Amino acid sequence: MNDSKPSPHHPDAATLTRDLADSLRQTTDQVVPDFIRGMPEAYFQDTEHGDWLSHLRAIIAAEASGLPLEITLKSEDDRKWTFIRSTSDPAALVEMLRDLPDDRAILAAKVHAATDGNMMLVTFEFGVSPRFDASDDSQLAKVQLATEYAQKECSGFDEAEFRDFCSRASAELVSTLTPLRLARVFENWRAIRGTSGALVFHEMESIPDRSRIVVTAEERVSKSLLMRIADHLSREGITIHRAYLDTIDGNYTSQTPSFEREDVVNIAFVVSGPDGKALDPASEIWPRVRDDLERIKWVDASTRRLFMQHDRLSLVEAEVLMALCHLAHQVLVKLNADAFDRDRILKCVKKNIRISHAIVLLFIQRFDPDSPLAIGAYSTQAAALRNDIETNVDRESSRQILTSLLDAIGATLRTNLFVQNRYALSFRLNPALFDREERTAMPHGVFFVHGRSFNGFHVRFRDISRGGIRAVRTIGPDQHAREIQRLYDEVYGLAFAQQLKNKDIPEGGAKAVVLIEPRTPVARSVKAFVDSLLDLVTPDEETNSRIVDLLECEELLYLGPDENITVPMIEWIVDRARLRGYPCPTALMSSKPGAGINHKEYGVTSEGVTVFLDVALRYLGIDPKNQPFTVKITGGPDGDVAGNEIKILRREYGDNARIVGIADGSGCGEDPKGLDYDELCRLVEAGLPIAEFNPKSLGPEGRISSVDDPDGISLRNSLHNRLQADAFIPAGGRPGTIHAGNWRDFLQPDGQPSSRLIVEGANIYLTNEARHALSEAGVLIVKDSSANKCGVITSSFEIAACMILEESEFLEIKEEFVQQVLQKLRVLARREAELLIRLLSQHPRIPLFEMSVRLSRVMIRTADAIEASLDSLTDEHRALFAELVIEHLPAALVEKAKNRVWEKTPEPYLRWIMAKTMATRLVYREGFESIEAMPDEAIASLAVSYREREKERADLADTVRESTLADKERIAQILDRAGILQTLGKVDNTGSIAAS
């Protein structure tokens, strides 16, 4: 027992308690009245009594302790965070938002600032907010009142739609808003849902010197939108006194991927302007702020930083400058990747902000639809700026950068800069801006789009062109830095490969690539890219009135799905094109579900790959129908080309085709005895990657490696080199995977290739340098422009049907139509494959892939010459060529459409069907060597004579078939297939044909 007495200095509990109580009472007596006087009435209306006490306790404790008012309170369930700060500066709100966790969605937020500006109290709610409950009498009564009000005030009011809106809103939103406010939120939600856009409204408050700004937008991350708006208002000197954020569930289904979901966020701000008074709608500042807030969700973070750093720049000017910088980077990076990386370009324009700003103003003035700069005035100002750069900028690299910005303006033929509610900034460019010696062909047109966390190009080689749109998702900044350096090169290369590939169809080659920064939603970027293209090609008069058109011709674009383009995106693109007034919107995007031919469902690309594989294996001495052979594949069972290739190999060759290895993004699977087909097909049907392969289905030497395994990435990346197989099918993978620096890895230690045959199911998987080197090492390479051409041929037939038939009509004939398309694909693939192998047999020293390129070039040049001559044809000859249109299209479409084939198909499209069909028949039947040396005028003249003789042959074959000859079908087939060219006589350099 401790008998020691307390020290005389030891505090007495009762005394200490009394002293603390007195101190806190004094502080409380001072703080509470100030709090009641200083906080707006709305705070007490919006906040429960228990929260008042919690906030006051924290403030009193800080005040009594002499601590700064920097308080953060969290509820026990962590669903509610409250920040109390000794300022009302909107910048403080931005800092609070930065402190919030990134992985939690803000469902509601309330901002209240003290009337003296010395305190801001902000509450954020996370998690699942209780939804409107129709069984709650008080909530139901509130909805009934709002319904009665909305019926009177809302045009086109639909009660069922209003109740659907309420079911998506929080119980608090429905309960606390007045009928007037609830009806207005409903109208905003109705106007904005499904558009990915934003609405901004201004109205006066009943409180003096206050006005209300309401922003309603579709946004995946409400925190981001709130931060952007608060940051922007701070930059404009606008004070936020109160703010409310509410989230209404988006119009998506449970199957929609999380990265594609967008809720409707409604944010209301009670503010005063820089002068401390209510914002005047007629003031100079409000129109600018309104326009900026309508686009704030679409503005790139780097643009916003540039805007915040330079008072000289408006938000629009910062956006233009950033876009020009990124465009200049694509031009300059080929000169010197280090000297002209994006960071150095941006540093240069900041250092020379006076000149940079003048360049931006020149761009804006040139394309201002209300007072566009005349050509002469533009030239004068541009020359003056060039002189300014040469005179006042000291470093050569800086002069090159600033001059490139001017060059980009000179190359711009259209821009959507002044289009209302645009999603990104788009440019239609003169392709000469990117002209370089190594780029052997000049595109017909180039589009560039700069948006929030993405850049994209669309390149096409003819006025009527087709090619897919792919979204490239990057994992981290290093990968993005690598990809951005080659963005235009990749699009150009893919579009040119598509040009070579599209030799059988009326469209030329095109491609679109959207390069997306890490952690950026793919759907949002693709929507912004496509909508910004539509700005520049739609015939909508309202849109066109906001565009200065230096191109002065209409343009049609034809897209298709490629990497990372999902079915919901395809549907959105078609719906958006329809909304924007694009002619025949269903023709803009191919591979649509329902009224389209889904490539993955029907395996159209893989059908062609298999035909080329079959013909090439036979050339190498393997009869795939009767002899076993081995295959390795990149691209997973869940992919389009690889997944369908697995099924078709089994269908055509059974156990003869042994797939010894597959690599995809998840990992790789390998088995020297062949991966089990039943298990592979299970993965295909379930849409699962190779890492999900059941190990129990492996042979004793087989293995499955995930990228999460210690050596999984290395095994996955090297599979196409390591495994020996008769054939390698790249059915997935990034362009240039096999290149000049690593092609030797494809060889075994003895120098022999790990596969004698490569059939390129994926676009430009090998670079030309790698193709040359591997061909010399003994590899037979079937180039992508031949091997995977059937996908785009399918899209062409689909779009032809979309232009001619109504959707319901197409669905009536779809299955018959698809089967006819599949048959045409196999025929076109086999004609080319057999011609190439025949040419290879005659010229074994010329690599097969070079033959493929020459074939495409000759067919394209032949078609160009024919198309250019169509206007000079006689009526008789034009009728002969018109028959080619009917022969080109699937019979089911012609039968259904009848005369609408001619009435609804655009004239340029019809011309190219005639020209391309004639070219394919001529070249596939006769070869290309003799045609290759002919001048264009000779080709055009030859086509007419050839078409006459071809028609004569067809009539003879029909006569034979109708005869009683014993071998009539065999004779007719010989007439159908026999060469015609040698029967026409000699073609001289003037295009004259001597009689034979």
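Residues numbered from 1 in each chain as written. Predicted model: local features only at pLDDT ≥ 70, side-chain atom pairs only at ≥ 80, totals over all residues. Heavy atoms only, no water.

Thoughts on the overall build of the protein
A count of helical and extended segments in the protein gives 38 helices and 22 strands. Across its three principal axes, the protein shows a C-alpha extent of roughly 125 × 85 × 65 Å. Scored against the burial criterion, the 996 residues of the protein give a buried share of 56%. Summed over its atoms, the accessible surface of the protein is roughly 41900 Å², and 49% of this surface lies on carbon and sulfur atoms. Across the protein, the 120 positively charged side chains and the 152 negatively charged ones have centroids separated by 3 Å. (Helix = DSSP H or I, 4+ residues; strand = E, 2+ residues; numbered from the N terminus. Buried < 20%, exposed > 50% of the residue type's maximum accessible area, 1.4 Å probe, protein only. Areas by Shrake-Rupley, 256 points an atom, 1.4 Å probe, with all protein chains shown as cover. Lys, Arg positive; Asp, Glu negative; His and termini not counted. Charge placed at Lys NZ, Arg CZ, Asp CG, Glu CD.)

A few points about unusual backbone geometry
Located in the positive-phi region is Glu-552, a residue other than glycine, with phi close to 60°. Along the chain, Glu-552 falls in the loop between α20 (541-544) and α21 (567-579). Look at Glu-552 and you get exposed, because its relative accessible area is 67%. The phi dihedral of Ile-764 falls on the positive side, at around 35°, and the residue is not glycine.

Describing the nonpolar core
A general trend in soluble globular proteins is that nonpolar side chains are found buried together. Core analysis: the biggest nonpolar cluster contains 110 residues, and Leu-613, Phe-629, Ile-659, Leu-757, Phe-817 and Phe-881 have the highest contact counts within it. If one sorts the elements of this core by residue count, helix α30 (residues 807-842) sits on top with 15 residues. Beyond its immediate chain neighbours, meaning those up to four positions away, Phe-881 contacts Ile-866, Leu-870, Leu-873, Met-914, Met-918, Ala-943, Val-944 and Arg-947. If you look at the next biggest cluster of nonpolar residues, it comprises 108 residues, including Leu-402, Leu-494, Leu-500 and Val-548. (Core = buried A, V, L, I, M, F, W, Y, C linked by side-chain atoms within 4.5 Å. Contact = heavy atoms within 4.5 Å.)

Quick word on the environment of Cys-553
Mapped onto the elements, Cys-553 comes out in the loop between α20 and α21. The partly exposed category is assigned to Cys-553, whose relative accessible area is 37%. In the structure, Cys-553 is positioned 504 residues away from His-49 in sequence and 66 Å away in space, judged by C-alpha atoms.

Re the sheet that holds strand β7 (residues 239-248)
The eight strands lie next to each other as β1-β2-β4-β3-β7-β8-β6-β5, forming an open sheet whose pairing is antiparallel. Looking along the sheet, the strands with just one partner apiece sit at the ends: β1 (70-74) and β5 (198-204). Each strand of the sheet is rotated relative to its neighbour by a mean of 15°, with strand direction disregarded. Against the sheet, helix α9 (residues 222-235) engages β3 (106-113), β4 (120-126), β6 (211-219), β7 and β8 (263-272), with an angle of about 25° to β8. (Pairing = 2+ DSSP bridges. Axes fitted to C-alpha atoms, helices over the stretch in contact; angles between N-to-C directions.)

Focus on the confidence of the model for the protein
Within the protein, residue pLDDT values average 90, and 96% of them lie at 70 or more. Confidence drops under a pLDDT of 50 for residues 253-259, and excluding neighbours within four residues, the segment shows seven contacts in the predicted structure. (pLDDT = per-residue confidence, 0-100.)

Considerations on the sheet that holds strand β18 (residues 667-670)
Strand order across the open sheet formed by seven strands is β19-β18-β17-β16-β20-β21-β22, with mixed pairing between neighbours. The open sheet has two free edges, formed respectively by β19 (703-706) and β22 (780-782), since each of these has just one partner strand. The average angle at which neighbouring strand axes cross in this sheet is 15°, direction not considered. When strand β16 (residues 629-634) meets strand β17 (residues 657-664), the two strands line up parallel, connected through six bridges. What sits directly across from Thr-630, in β17, is Arg-658. Across the sheet, helix α24 (residues 640-653) touches β16, β17 and β20 (727-730), and the angle it forms with β17 is around 175°.

Focus: helix α15 (residues 375-392)
Taking 1.5 Å per residue as the helical rise, α15 with its 18 residues ought to reach 26 Å, and the 26 Å between its terminal C-alpha atoms agrees with that figure. Restricting attention to buried positions, one finds in α15 the residues Tyr-378, Ala-382, Leu-385, Asp-388 and Ile-389. Within α15, the buried residues cover an arc of 115° as seen down the axis, which keeps them to one side. Turned more than 90 degrees away from the buried face of α15, the exposed residues are Thr-380, Asn-387, Glu-390 and Thr-391. On its buried side, α15 packs onto α14 (353-366) and α16 (396-411). (Expected span 1.5 Å × (residues − 1). Arc of directions from axis to C-beta.)

A look at the packing of α30 against helix α31 (residues 848-869)
Each pair of packed helices can be described by the angle between their axes along with the distance between the axes. It is the contact of α30 with α31, at a shortest axis distance of 10 Å, that shows an interaxial angle of 120°. Between α30 and α31, the crossing angle belongs to the class labelled oblique. Here the hand of the crossing between α30 and α31 comes out right-handed. Contacts between α30 and α31 pair Glu-832, Leu-835, Leu-836, Ile-837, Leu-839 and Leu-840 from the former with Leu-848, Met-851, Ser-852 and Leu-855 from the latter. In terms of residue class, the contact of α30 with α31 is built from eight nonpolar, one polar and one charged. (Parallel < 35°, antiparallel > 145°, perpendicular 65-115°, else oblique. Left-handed = near helix turned anticlockwise from the far one by under 90°. Nonpolar A, V, L, I, M, F, W, Y, C, P; charged D, E, K, R; others polar.)

Re the pairing of strand β10 (residues 425-429)
Within β10, five of the five residues are buried, which leaves it mostly tucked inside the rest of the structure. On β10, burial covers both faces: Leu-425, Phe-427 and Leu-429 on one face and Ser-426 and Arg-428 on the other are all buried. Two elements, strand β9 (residues 412-415) and β10, share three bridges in a ladder whose sense is antiparallel. Residue pairing across strands places Thr-412 opposite Leu-429, the latter belonging to β10.

Notes on the environment of Lys-632
Relative to the helices and strands, Lys-632 resides in strand β16. Residue classification places Lys-632 among the buried positions, given a relative accessible area of 0%. Residues Lys-632 and Thr-72, spaced 560 residues apart in sequence, show a C-alpha to C-alpha distance of 58 Å. Polar side-chain contacts of Lys-632 include one of 2.6 Å to the backbone oxygen of Leu-723. (Polar contact = N/O pair within 3.5 Å; in protein donor to acceptor, adjacent residues only side chain to side chain.)

Details of the packing of aromatic side chains
Tallying each qualifying case throughout the model produces 30 aromatic pairs. Note on Phe-728 and Phe-746: the rings are 6.0 Å apart at their centroids and 40° apart in plane angle, and the pair reads as tilted. In this pair, Phe-728 sits in strand β20 while Phe-746 sits in the loop between β20 and β21 (757-759), placing the two residues 18 residues apart along the sequence. By relative accessible area, Phe-728 is classed as buried at 0%. Over the aromatic face of Phe-307 sits the side chain of Arg-235, whose NZ or CZ is 3.9 Å from the ring centroid. (Phe/Tyr/Trp six-rings, centres within 6.5 Å; stacked < 30°, edge-to-face > 60°. Lys NZ or Arg CZ within 6 Å of the ring centre and 35° of its normal.)

Side note on the environment of Ser-170
One can find Ser-170 in the loop between α6 (159-168) and α7 (171-176). When its relative accessible area of 8% is taken as the criterion, Ser-170 is described as buried. For the pair formed by Ser-170 and Leu-107, sequence separation is 63 residues and the distance between their alpha carbons is 8.7 Å.

Quick word on the pairing of strand β11 (residues 445-451)
The buried fraction of β11 is high, at seven of seven residues. Burial of β11 is two-sided: the residues Gly-445, Phe-447, Val-449 and Gly-451 facing one way and the residues Val-446, Phe-448 and His-450 facing the other way are all buried. Of the strand pairs in this sheet, β10 and β11 are connected by five bridges, and their pairing is antiparallel. For Leu-425, the partnering residue across the bridge sits in β11 and is His-450. Here seven bridges tie β11 to strand β12 (residues 454-460), and the two strands are oriented antiparallel to one another. Each bridged residue has a counterpart across the sheet, and for Phe-447 the counterpart in β12 is His-458. What sits between the antiparallel neighbours β11 and β12 is a turn of two residues, in which Ser-453 has the positive phi angle 65°.

Quick notes on the side chain of Glu-607
Inspection of the secondary structure assignment puts Glu-607 in helix α23 (residues 604-619). According to the relative accessible area criterion, Glu-607 is buried, its value standing at 6%. Aside from chain neighbours lying at most four places away, what touches Glu-607 is Ile-648, Arg-651, Leu-822 and Arg-826.

Focus: the layout of surface pockets
Here the second largest pocket defines a volume of roughly 1400 Å³. Taken together, 42 residues line the second largest pocket, and the ones lying closest to its centre are Ala-301, Arg-305, Ser-453, Glu-517 and Arg-519. Looking at the lining of the second largest pocket, the elements that each hand over two or more residues are α4 (90-99), α9, α11 (301-309), α12 (315-332), α13 (342-351) and α17 (477-485). It is α11 that contributes the most residues to the lining of the second largest pocket, seven residues altogether. In terms of residue class, the lining of the second largest pocket is made up of 14 nonpolar, nine polar and 19 charged. (1 Å grid on protein atoms, 1.4 Å probe; cavity = no way out; pocket = protein on both sides within 12 Å on 5 of 7 lines; lining within 4 Å. Points joined across faces, edges and corners; volume = space filled by probe spheres on them.)

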